[in-house]
Amino acid sequence: KFLLIAADEAMIACGVLMPVFPYGAERFALLCTSMLCFLFVIKHSVFAIVDIMLHAEIDFADGCRLFAIAALKVIAWSGYPLVYFLTEYGFLTVKQQHEFYLYNDVLTKFSYSLMISAGSLRCLDLVEEHKQKIATQMSQAQRAFFFNVTHELRTP
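Residues numbered from 1 in each chain as written. Predicted model: local features only at pLDDT ≥ 70, side-chain atom pairs only at ≥ 80, totals over all residues. Heavy atoms only, no water.

### Focus: the overall build of the protein chain
Quick note on the threshold: Working definition: helices are DSSP H or I runs of at least four residues, strands are E runs of at least two. Numbering for both runs from the N terminus. Here the globule rule is a power law, 2.2 Å times the number of residues to the power 0.38, and the radius of gyration is based on C-alpha atoms. A 1.4 Å probe rolled over the protein chains alone gives each residue an accessible area, and that area as a share of the maximum for its type sets the label: buried under 20%, exposed over 50%, partly exposed in between. Any two residues whose heavy atoms approach within 4.5 Å are treated as being in contact.
The secondary structure content of the protein chain amounts to four helices and zero strands. Along the protein chain, helices (α) and strands (β) appear in the sequence α-α-α-α when read from the amino end. By the compact-globule yardstick of 15 Å for 156 residues, the protein chain is too spread out, its C-alpha radius of gyration being 26 Å. For the C-alpha atoms alone, the extent of the protein chain along its principal axes is close to 100 × 30 × 20 Å. Counting over 156 residues, the protein chain shows a buried share of 21%. Sequence separation of at least 24 residues holds for 59% of the intrachain contacts in the protein chain that already meet a minimum separation of 6.

See the structure below:
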């Protein structure tokens with residue numbers, strides 16, 4: 001976790017320092033550092049979700065949810081450097097860059113909202129499944145108790 005936080009902070013620091021170095025080797029070093037940190041964070045996130053999908057006991061629907069969350073996360077977060085480089089090399093104007101950042105921000109917030117709601121709904125499902133399991137166990141215990149009591153009452 002510490003490495004992920006450090007990589008995230010390094011990306012932010014590179015972004016803050018980038019305007020100070022508009023050209024040259026320093027800017028290139030900041031871009032490379034930022035991209036390496038970005039790729040590290042995305043790789044770790046996707047591998048964590050894939051690991052959960054492969055090793056956790058989840059059903060098909062949960063696997064699909066996790067896959068959708070991973071895809072949205074990669075698409076949303078990959079949009080930021082993509083738009084940056086397209087603007088940097090003159091394919092987008094600054095106005096278009098801001099518009100794409102706005103759209104990407106909405107997509108990112110949507111994906112996190114979706115992730116939170118899917119997680120909340122799954123938690124509610126798990127609580128309901130647990131309640132049903134306990135109710136079934138209680139019903140079986142009650143039946144066993146009544147069977148034993150009636151057996152004792154019938155036996156002289």
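### Overview of the layout of surface pockets
Our working definition: Detection works on a 1 Å grid of protein atoms alone, calling trapped sets that fit a 1.4 Å probe cavities and calling open sets with protein on both sides within 12 Å along at least five of seven lines pockets, with lining residues defined by an atom within 4 Å of a point. Grid points are joined across faces, edges and corners, and a volume is the space filled by probe spheres set on the points. Three classes are used, and their members are as follows: Ala, Val, Leu, Ile, Met, Phe, Trp, Tyr, Cys and Pro are nonpolar, Asp, Glu, Lys and Arg are charged, and the others, Gly among them, are polar.
Considering only enclosed or pocket space, the largest pocket measures out at about 820 Å³ in volume. Taken together, 28 residues form the lining of the largest pocket, with D8, M11, S34, F38 and W77 sitting closest to its centre. At the level of elements, α1 (2-17), α2 (25-55), α3 (60-88) and α4 (94-154) are the ones that each hand at least two residues to the lining of the largest pocket. No other element matches the eleven residues that α2 contributes to the lining of the largest pocket. Grouping the constituent residues of the lining of the largest pocket by class yields 20 nonpolar, four polar and four charged.

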